[in-house]
Amino acid sequence: MSLLGLLLGLEVPEGDRELVDRLKRRDPRALAELYDRFGRLAYSVIIAIVRDSGIAEDLVQETFLRVWNRVQAFDSQRGAMGPWLLTVARNRAIDHVRSAAARMSRNVYELEEREHPSLFVDSERDLISSDQGRIVRAALTTLNDNQKKVIELAYYEGLSQTEMAEKLGQPLGTIKTWVRSALKRLREELDRVPA
Amino acid sequence: MTCDELREEYDAFALGISEGAVLAALREHLAANCPTCEPAVREALDFAARLSLGVRQTDPSPGLRRRILAMVQERPSSPRVGWLAGLGAALALLTLFTVRMSMQQARSSEALTLLSSGDVKQLSVQQPDFRADIFASRSRGVLLLASNFKPAPAGKTYEMWIIPKGAQPAPAGLFAPRADGSVIHIAEPIDQPLAAVAVTVEPERGSDHPTTKPFLVATP
């Protein structure tokens, strides 16, 4: 369980555990339930990046197909589906918007390595509680312009720090400083409000 | 690099913006199941997922739910249901390839025929980090569906191998990913029982036997 989870004494909800078990048994109704819980959010993440509804829907479909095909490796006792599914969704979108050159210059495993089901154990539980969106948006408003810019380039365009440096015409060291300070700031803001 | 030196890099890694020596070092620590870095990266992935909640929520079309469920529904209840579910997913994936990636019509048709054959089985791919599905049919051959394949290094190509039980690997064709990284490769059927299917990187003209360690192995 993550630090926040430990502090709050959160447990894997029975519903999540049971849902994962049903997905592993290839129960189509479980996929329907998963879509009903996370479909809108996955679509929102993807369309914020690709900005085309048709492409976004194709990528949501790919996201759920990928989760369906890989759920056997997911730990139903310790894992929560939300963070994993959202990571897969964002990765599909980032992969789409990256230029062909950028894709070729990066390791083929780069996106895959951050979405393996085994990495999504001990996750925060209630990702979709009603206030979370507002809290995250409020945290983003505390960033200064430079911090906001690098977080946007990282989150919505998937640029590496070197690519950001080129795009913004800044030294790499400066970009790294902005990125670190932005992430630190966001953590501080989000940690003030439990997930 | 030490865990302490990597401590400030976990969030950047989770967002996918790490590179160079830091990225290489983190991969090493994760591959070694580092007791410090692994849980920290998990937590950072959680944090990155939480950032996703900051997007404005928008509704997809009502038809999307139906499309997604159609990928896996209407499978008969039988002992074959497991691999048939996988087959349904593969058919959906193939449809995506066809629509989104302008796949060659002939190959699409050939792949669909293989996936629809009565004796097709989905193999277990032993590289869970790699996006690939492999199907084998005694009557129709072996099908590899994959995405995000990096082009083979200069002067090299990918080669599939079919390994019958108790026999040496047999060459099963060379292939190159399309510009978008997708792969649809179909190999001829074999008469003998199948032990495994593998993919290696080989010299451009291919090899008669594998000369490098397989990076993708699938077994029945």
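Use the structure listed above.
Not measured: the values here are computed from a predicted model. (Residues numbered from 1 in each chain as written. Chains lettered and ligands numbered in written order. Predicted model: local features only at pLDDT ≥ 70, side-chain atom pairs only at ≥ 80, totals over all residues. Heavy atoms only, no water.)

Draft legend 1. Geometry of the overall build of chain B. Looking only at helices and strands, chain B has seven helices and nine strands in total. Considering only contacts in chain B between residues 6 or more positions apart, those separated by 24 or more positions represent 58%. (Helix = DSSP H or I, 4+ residues; strand = E, 2+ residues; numbered from the N terminus. Contact = heavy atoms within 4.5 Å.)

Draft legend 2. Expanded view of the overall build of chain A. Across its full length, chain A carries ten helices and zero strands. Along its sequence from the N terminus, chain A presents helices and strands in the succession α-α-α-α-α-α-α-α-α-α. Counting over 195 residues, chain A shows a buried share of 56%. A separation threshold of at least 6 residues defines the contact pool for chain A, and within that pool the share at least 24 residues apart is 68%. When the accessible area of chain A is evaluated, it comes to approximately 7900 Å², of which 50% is carbon and sulfur surface. (Buried < 20%, exposed > 50% of the residue type's maximum accessible area, 1.4 Å probe, protein only. Areas by Shrake-Rupley, 256 points an atom, 1.4 Å probe, with all protein chains shown as cover.)

Draft legend 3. Focus on the pattern of salt bridges. One pass over the full model with this rule turns up 18 salt bridges over all chains. Residue B:Glu9 is joined to A:Arg180 by a salt bridge in which the shortest nitrogen-to-oxygen separation is 2.5 Å. Highlighted residues: B:Glu9 in the loop between α1 (3–6) and α2 (10–15) and A:Arg180 in helix α10 (residues 172–191), drawn from two different chains. Under the relative-accessibility criterion, A:Arg180 is labelled partly exposed at 36%. Here the salt bridges share partners, and the residues they tie into one network are A:Glu18, A:Arg22, A:Asp27, A:Arg29 and A:Glu33. (Salt bridge = Lys/Arg side-chain N within 4 Å of Asp/Glu carboxyl O.)

Draft legend 4. A look at the state of the cysteines. All names here are of chain B. The tally for this structure, following the rule as stated, stands at zero disulfides over all chains. The closest cysteine sulfur to the non-disulfide-bonded cysteine 3 is located on cysteine 34, 3.4 Å from its own sulfur. Cysteine 34 provides the cysteine sulfur closest to cysteine 37, a residue in no disulfide bond, and the two sulfurs are 3.7 Å apart. A relative accessible area of 0% places cysteine 37 in the buried class. (Disulfide = S-S within 2.5 Å.)

Draft legend 5. Main features of the nonpolar core. By size, the foremost hydrophobic cluster in this structure holds 82 residues, and its most contacted members are A:Leu23, A:Leu31, A:Leu34, A:Phe64, A:Met81 and A:Met164. Residue contributions to this core peak at 15 residues, all from helix α3 (residues 28–50) of chain A. Aside from chain neighbours lying at most four places away, what touches A:Phe64 is A:Leu31, A:Leu34, A:Tyr35, A:Phe38, A:Gly39, A:Ala42, A:Leu85, B:Ile68 and B:Met71. (Core = buried A, V, L, I, M, F, W, Y, C linked by side-chain atoms within 4.5 Å.)

Draft legend 6. Main features of helix α9 (residues 161–168) of chain A. All names here are of chain A. For α9, every residue scored as buried is listed here: Gln161, Met164 and Ala165. Looking down the long axis of α9, one finds its buried residues gathered within 100° of arc, a one-sided arrangement. Positive phi shows up at glycine 169, right after α9, with a value of about 65°. (Arc of directions from axis to C-beta.)

Draft legend 7. A look at the packing of helix α7 (residues 132–140) of chain A against α10(A). Residue and element names in this part refer to chain A. The geometry of α7 relative to α10 is characterised by a closest axis approach of 9 Å and an angle of 140° between their N-to-C directions. Judged by the angle between their axes, α7 and α10 are oblique. For α7 against α10, the interelement crossing comes out right-handed. Facing Ile135, Val136, Ala139 and Leu140 of α7, the residues of α10 in contact are Leu186, Glu189 and Leu190. Counted by class, the contact of α7 with α10 contains six nonpolar, no polar and one charged residues. (Axes fitted to C-alpha atoms, helices over the stretch in contact; angles between N-to-C directions. Parallel < 35°, antiparallel > 145°, perpendicular 65-115°, else oblique. Left-handed = near helix turned anticlockwise from the far one by under 90°. Nonpolar A, V, L, I, M, F, W, Y, C, P; charged D, E, K, R; others polar.)

Draft legend 8. Structural context of the sheet that holds strand β1 (residues 121–122) of chain B. Residue and element names in this part refer to chain B. What the four strands build is an open sheet, ordered β1-β3-β4-β7; its pairing is antiparallel. Of all strands in the sheet, those bounded by a partner on one side alone are β1 and β7 (183–187). As defined by bridge partners, β1 adjoins strand β3 (residues 132–137) across two bridges and the pair is classed as antiparallel. Across the sheet, glutamine 122 pairs through a bridge with phenylalanine 135, a residue of β3. (Pairing = 2+ DSSP bridges.)

Draft legend 9. Up close: the packing of aromatic side chains. With the rule as written, the count across this model stands at four aromatic pairs over all chains. Between A:Phe74 and A:Trp84, the ring centres sit 4.9 Å apart and the planes meet at 20°, which makes this aromatic pair stacked. Residue A:Phe74 is located in the loop between α4 (53–70) and α5 (81–97), and its partner A:Trp84 is located in helix α5; the two are separated by ten residues in the primary sequence. A relative accessible area of 1% means that A:Phe74 is categorised as buried. Among the residues examined, A:Trp84 registers a relative accessible area of 1% and is labelled buried. Lying over the aromatic face of A:Tyr155, A:Arg90 brings its terminal NZ or CZ to 4.8 Å of the ring centre. Lying over the aromatic face of B:Phe47, A:Arg187 brings its terminal NZ or CZ to 4.3 Å of the ring centre. (Phe/Tyr/Trp six-rings, centres within 6.5 Å; stacked < 30°, edge-to-face > 60°. Lys NZ or Arg CZ within 6 Å of the ring centre and 35° of its normal.)

Without other data, these values stay purely geometric and don't point to any function.
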